[in-house]
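Here's the letter readout for the chains.
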Amino acid sequence: MSESAFLRCINPDCDATFAVNQALTGCPTCGDLLDVDYDWDRLPVPKNLREFESRWSLRNEPLEFSGVWRFRQLLPFAQENQIVTIGEGQTILQQASAVARFCELPEDRLHLQYEGLNPSGSFKDNGMTAACTHAHMVGAKHAACASTGNTSASLAIFASATQMFRAIVFVGSGKISYGKLSQALDYGSKTLQLLGDFDDAMRQVQDVCREEKIYLCNSLNPFRLEGQKTIIYRVLESLRWQVPDWIVVPGGNLGNSSAFGKALHELKHLGLIDRIPRLAVINARGANTLYRLYEQQGLRWNGGRLDRQILDAFYAEMDKSGRRAATLATAIQINRPVNLKKALRSLEVCDGVVREVSDQEILDAKAQVGAGGFGCEPASAASVAGAKLLRAEGVIAPSETVVCILTGHQLKDPTATVAYHAADEEQFDRELGSHGVHAAPFANNPIVVENELHRIMEVIHGLN
Ligand SMILES: *Cc1c(COP(=O)(O)O)cnc(C)c1O
Ligand SMILES: [Zn+2]
């Protein structure tokens, strides 16, 4: 099987290919990103997506139980006995009527895909199971990542649950939420709190991994993206294989945006879907590299020959002016998205759009997801805020079916949630004020009540 899967450079002027049993996170020839690619003609691909349904009855088989590996014919780079799984991908698509009303969509048109239901509480487990499988294939003993929190939590849980390798995680200082930091520590990973931000950690971990031959698990790693393709398969599965009109996803390092376009392109190529949904990638306004480049400066994939001048001038200006990403949605607080090029390719494949939303809009949308669904962390709610914006602009029509990807669990970042709902103005301002959040229209304030029955009764009777 391994010869029908290979690595391919995304640069069309290079187009180099490499065997999958190498640990490469960039093209050795030109330095560009790599794809995992397949010779589909030589692989057993299902004729119809419904064929996957027969797997549901085999839930005590680990590879069928996994919401990632159930679809292994669509990411066939590993032998079955090499696959590393901890039961990831058991996630749910909810038709969310209340959140639909918030977005001014008909009640049956908005669906929320809860990737926070993964073992470590974020979508990252979809990709990490694939990266860990590849790490196992190449015999890695140490694996590392840089993280705004969730990647490290995911790598850490795979290391602790499988005991197959040691994990080393690099986190920036200050910005990481306690929920996420606590996971890396609790799962026993070596945790380096770098005195710098995520982009600094990203740069350092790449050098360290190169020097020390440590396996790198960031989404530069093309195997991560193979696992993340399955988010799309599960969305389609939950919609009974009907293709929605829109997929809306928060954009940070743009791994999901890249993986979704690849998944959809491959499904179309294999004749398993007849049309491709549109993709909307939502940046936080304080971390809007993709928005600026794509929507404001017109940067396009252009067959893999991007306008380097736009890109170089953009980053030169960012460095010169000292502009650094700043948003409450820490999971997408990223200056230089590593998968930018692949995301541009996805935007082309999916006739995509990019939008930016403010932290105020993100927290308001998050409160709605909490009150009308299972909740999510701030970065995830960017998708819902983005869907609301695109609906208001008329880009999303009222008749269209929209799926918002909720990337992380509600419990990941309780500080922002409690501050938003706080009755205490000082607490609200301390946590949220510097992010331009000044109102909480959907706050559910806790009620302070004296320790006396009749006082409590007064409060209860006052509820409507
Ligand atoms: C990592 C992460 C993101 C960003 O995803 P990318 O694929 O890097 O764009 C968004 N939300 C949450 C909760 C995350 O953990
Ligand atoms: Zn190359």
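Located above this text is the structure these notes cover.
Every residue gets a number counted from 1 within its own chain, in the order that chain's sequence is written. Note on labels: chains are lettered from A, ligands numbered from 1, in written order. With the structure being a predicted model, the display of local features is reserved for residues of pLDDT at least 70 and the display and counting of side-chain atom pairs for 80 or more, all residues being used for whole-chain, interface and lining totals. Computation of side-chain values: all heavy atoms of the structure, hydrogens and water removed.

J.: Give me the site of ligand 1: which residues, what numbers.
T.: Near residues are defined by distance, with any heavy atom within 4 Å of the molecule or strand qualifying the residue. Residues in close proximity to ligand 1 total 17 residues, the closest being Lys 124, Asn 150, Gly 252, Asn 256 and Thr 407. In the model, an oxygen atom of ligand 1 is placed 2.6 Å from a nitrogen or oxygen of the Lys 124 side chain. Here an oxygen atom of ligand 1 and a backbone polar atom of Gly 255 are 3.0 Å apart. To qualify as a helix, a DSSP run of H or I must reach at least 4 residues; to qualify as a strand, a run of E must reach at least 2; elements of each kind are numbered from the N terminus. Sorting the residues of the shell around ligand 1 by element identifies helix H8 (255-269) and helix H13 (378-393) as the ones contributing at least two each. Taken together, the residues of the shell around ligand 1 sort by class into 6 nonpolar, 9 polar and 2 charged. Two N or O atoms form a polar contact when they lie within 3.5 Å of each other; inside protein one atom must be a possible hydrogen donor and the other a possible acceptor, and for residues adjacent in sequence the pair counts only when both atoms belong to side chains. Asp, Glu, Lys and Arg are counted as charged, while Ala, Val, Leu, Ile, Met, Phe, Trp, Tyr, Cys and Pro are counted as nonpolar; the rest, among them Gly, fall into the polar class.

J.: A description of the pattern of salt bridges should follow, citing residues and the corresponding values.
T.: Salt bridges, as used here, are contacts in which a Lys or Arg side-chain nitrogen is within 4 Å of a carboxyl oxygen on Asp or Glu. Counted under the stated rule, the structure contains 35 salt bridges. Ionic pairing is found between Arg 324 and Asp 197, a salt bridge with its closest N-O pair at 2.8 Å. Placement of the pair is Arg 324 in the loop between helix H10 (308-320) and helix H11 (340-349) and Asp 197 in the loop between strand S8 (190-193) and helix H6 (198-212), with a sequence separation of 127 residues. We call a residue buried when its accessible area falls under 20% of the maximum for its residue type, exposed when it is over 50%, and partly exposed in between, using a 1.4 Å probe and counting protein chains only. Overall, the relative accessible area of 24% leaves Asp 197 in the partly exposed class. Taking the shortest distance from any N to any O, the salt bridge between Lys 229 and Glu 226 comes out at 2.7 Å. Here Lys 229 and its partner Glu 226 are both found in helix H7 (residues 222-238), 3 residues apart, which amounts to about one turn of the helix. Classification of Glu 226 by relative accessible area gives buried; the value is 1%. One salt-bridge network, in which partners are shared between bridges, spans Arg 55, Glu 64, Arg 72 and Glu 80.

Bear in mind that shape data such as this cannot, by itself, settle questions of function.
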